[in-house]
Amino acid sequence: MSKKLLLKDAHIEGIRYFETYRKQGGYTAAEKALKMTPDEILEEVKTSGLRGRGGAGFPTGMKWSFLAKPEGVPRHLVVNADESEPGTFKDRYLMEFLPHLLIEGMLISSFCLGSNVSYIYIRGEYSWIPDILEEAIEEAKAAGFLGKNILGTGFDCEIYVQRGGGAYICGEETALLESLEGKRGNPRLKPPFPAVKGLWERPTVVNNVESIAAIVPIIDITGAEYAKIGVGRSTGTKLISACGNINKPGVYEIDMTITVEEFIYSDEYCGGIPNGKRLKACIPGGSSVPIVPANLLLKTVNGEPRYMNYESLADGGFATGTMMGSGGFIVLDEDQCIVEHTMTLARFYHHESCGQCTPCREGTGWMHKILKKIEKGEGKMEDIDLLWDIQRKIEGNTICPLGDAAAWPVAAAIRHFRDEFEWHVKNPELCLTQNYGLANY
Ligand code: NAD
């Protein structure tokens, strides 16, 4: 059974409220941290090996150490709660059920980074959650854990919640900052990174909800103990939101030592595939990461079992591997049509492209159009090569990673399931009535 650090109290009634959270030991990590120096906290975070839980997996301690500290210029912590990656809903769960875990993590992080005004930028579709967060902020303030001179340390910290308008692109950190400044959410060129020039051109750390929540157990048990959980550079625990063709969709906390097979089939997690169907493929890290067919999902290129961690999922690179990403685990059974699935994703990325870069603005539209044609049985063999060509021209040629995120699912689908695309071209009359299921292999 995986160790629980973040969700250990999630089942307790009333844990959403300060009184219950405090009774369970809440805010003791903050009390401990506020007696440490910011440098000591930073060392703990570095030692923990925590990697950004939003998707990129960038080491959190390293990001914090890049924060510029020019004299007299305010610094900010911004929590990225614009969780919009299809298949990803773990941050929603954390904020809805454990808002004080996030607030406590923000207090510790703000103290370490020297942020007196910190923000939570939350996606517009999570319309009921800002009220939960604002209530938790008020409770923490009333108990002396936010506001002026927190616990008599002389440290002041305010937290504000900003609602987004429902644009996927505003989850990209620089688009998020533009939006937070009241502008259209167009991504900025990096560098400069937000750590140097972020919100209102001030040094800013942008971190995912789960990353900031993880700061609480890190301080609680120490960075060294946190680093002992997990394996290799996949330290600590990771929240996985599991959905698709599984018996038990939901949010699970895993310690990154379990295998993919165990995660899908064990009753502790997904509980297997409904109706005894066979596994066809999986997207383990949110829609932006490459889809992997079952045979490569359960084994690495070296024939080892594939584990639910950053290194093992990526084994073999893009040719045979995938990525941990945001932990949005989407399972597809034997009845699912990969062409239709890829077309749906292409429609999403086309709709969500901000339009700033030509390869993404035009390319996502072309990919959607061609996929729609193939899916309806109106495609030609050359269309498959054209699709491959377009995705290659998008990848790496845009300001932000939305272009890559749109290209990779198409590339992986063609790489692993080309026969299925060809079947659609060769069997136009069957396309709308029959899926290319595993029976065709
Ligand atoms: P990135 O690798 O560009 O950056 C990761 C983080 O490290 C950023 O905060 C960046 O500022 C920082 N960083 C990197 N190099 C730095 C340097 N030299 N100095 C200072 N800071 C530095 O990735 P990204 O664009 O932030 O994120 C891409 C990932 O987001 C994708 O892999 C995808 O999985 C994920 N994603 C998640 C969601 C979601 O809903 N959770 C949605 C879309 C995409």
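Coordinates for the structure precede this section.
Being a predicted model, the structure only gives us computed values, none of them experimental.

Undergrad: Which parts of the structure should I look at to understand unusual backbone geometry?
TA: A negative phi angle characterises most non-glycine residues, just as the trans form characterises most peptide bonds. Of note, the bond from Lys-190 into Pro-191 is cis; its omega dihedral lies within 30 degrees of zero at -10°. Among the structural elements, Pro-191 can be located in the loop between α8 (173-180) and β4 (204-208). For Asn-149, which is not glycine, the phi torsion reads 45° and is therefore positive. Considering the arrangement of structural elements, one finds Asn-149 in the loop between α7 (129-142) and β3 (158-163). Phi is positive for Asn-275, close to 55°, though the residue is something other than glycine. Owing to a relative accessible area of 75%, Asn-275 belongs among the exposed residues under this scheme.

Undergrad: Help me understand the pattern of salt bridges in this model?
TA: Opposite charge on two side chains lets them pair, provided their charged atoms get close. By the definition in use, this model includes 27 salt bridges. Asp-91 is the salt-bridge partner of Lys-90, the closest N and O atoms lying 2.7 Å from each other. Given the relative accessible area of 1%, Lys-90 is considered buried. The class of Asp-91 is buried, set by a relative accessible area of 2%. When the shortest N-O distance is used, the salt bridge between Asp-131 and Arg-163 registers 3.5 Å. Note that Asp-131 is positioned in helix α7 and Arg-163 in strand β3, a separation of 32 residues in sequence. Under the relative-accessibility criterion, Asp-131 is labelled partly exposed at 48%. Three or more residues joined by partner-sharing salt bridges are found here, namely Arg-53, Lys-90, Asp-91, Glu-210 and Lys-238.

Undergrad: Explain the state of the cysteines here, please?
TA: Covalent bonding between the sulfur atoms of two cysteines defines a disulfide. Counted according to the given criterion, the structure contains zero disulfides. Free of any disulfide, Cys-170 has its nearest cysteine sulfur in Cys-354, 9.3 Å distant. In this structure Cys-354 comes out as buried when scored by relative accessible area, which is 18%.

Undergrad: Any chance you could explain a nonpolar patch on the surface here in plain terms?
TA: A cluster of nonpolar side chains, contributed by Phe-58, Met-62 and Phe-66, occupies part of the molecular surface with about 290 Å² of accessible area. In this fold, Phe-58 is placed in the loop between α3 (38-48) and α4 (60-65).

Undergrad: What is the right way to read the site of the ligand from this model?
TA: Neighbouring the ligand are 17 residues; Gly-54, Lys-63, Ser-84, Glu-85 and Glu-173 lie closest to it. With respect to the ligand, the backbone of Glu-85 contributes an N or O atom lying 3.0 Å from an oxygen atom. Interatomic distance of 2.5 Å between a side-chain N/O atom of Glu-173 and an oxygen atom of the ligand. About the coverage of the ligand: the protein hides 73% of its 850 Å² of free accessible area. Its atoms largely coinciding with the cavity grid, the ligand occupies the largest pocket. Here the shell around the ligand is composed, by residue class, of seven nonpolar, five polar and five charged.

Undergrad: Would you mind showing me how to read α8 here?
TA: An α-helical turn contains 3.6 residues, so any two residues separated by three or four positions project in the same direction. Taken across its eight residues, α8 has eight buried, putting it largely inside the fold. Inspection of α8 places Glu-173, Thr-174, Ala-175, Leu-176, Leu-177, Glu-178, Ser-179 and Leu-180 among the buried residues, and these make up the whole buried set. The elements touched by buried residues of α8 are α4, β1 (76-81), β2 (117-122), β3 and β4.

Undergrad: Explain the environment of Asp-333 here, please?
TA: Note on placement: Asp-333 falls in strand β11 (residues 328-333). Residues Asp-333 and Ile-120, 213 residues apart in the sequence, show an inter-C-alpha distance of 37 Å. Ignoring anything within four residues of it in the chain, the contact list for Asp-333 reads Asn-245, Ile-273, Lys-277, Arg-278 and Lys-280.

Undergrad: Please explain the layout of surface pockets as it appears in this structure.
TA: To find leftover empty space, one rolls a probe the size of a water molecule over the atoms. If you add up the space inside the largest pocket, you get close to 1,300 Å³. For the largest pocket, the lining is made up of 47 residues, of which Gly-54, Gly-55, Ala-56, Gly-171 and Pro-401 are closest to its centre. Breaking the lining of the largest pocket down by element, the ones donating at least two residues are α5 (90-97), α8, β4 and α18 (402-426). If you tally residues by element for the lining of the largest pocket, the top one is β4, at five residues. For the second largest pocket, the lining is made up of 20 residues, of which Leu-5, Lys-8, Leu-101, Val-216 and Asp-220 are closest to its centre. Secondary structure elements with two or more residues in the lining of the second largest pocket: α2 (28-33), α6 (99-113) and α9 (209-221). Within the lining of the second largest pocket, the residues separate by chemical class into ten nonpolar, four polar and six charged.

What counts, and where the lines are drawn
- Residues numbered from 1 in each chain as written.
- Predicted model: local features only at pLDDT ≥ 70, side-chain atom pairs only at ≥ 80, totals over all residues.
- Heavy atoms only, no water.
- Helix = DSSP H or I, 4+ residues; strand = E, 2+ residues; numbered from the N terminus.
- Buried < 20%, exposed > 50% of the residue type's maximum accessible area, 1.4 Å probe, protein only.
- Salt bridge = Lys/Arg side-chain N within 4 Å of Asp/Glu carboxyl O.
- Disulfide = S-S within 2.5 Å.
- Patch = residues over 30% accessible without salt bridge, like charges linked within 9 Å, V, L, I, M, F, W, Y side chains within 5 Å.
- Areas by Shrake-Rupley, 256 points an atom, 1.4 Å probe, with all protein chains shown as cover.
- Near = heavy atom within 4 Å.
- Polar contact = N/O pair within 3.5 Å; in protein donor to acceptor, adjacent residues only side chain to side chain.
- 1 Å grid on protein atoms, 1.4 Å probe; cavity = no way out; pocket = protein on both sides within 12 Å on 5 of 7 lines; lining within 4 Å.
- Sits in = over half its atoms within 2 Å of the grid points.
- Nonpolar A, V, L, I, M, F, W, Y, C, P; charged D, E, K, R; others polar.
- Contact = heavy atoms within 4.5 Å.
- Points joined across faces, edges and corners; volume = space filled by probe spheres on them.

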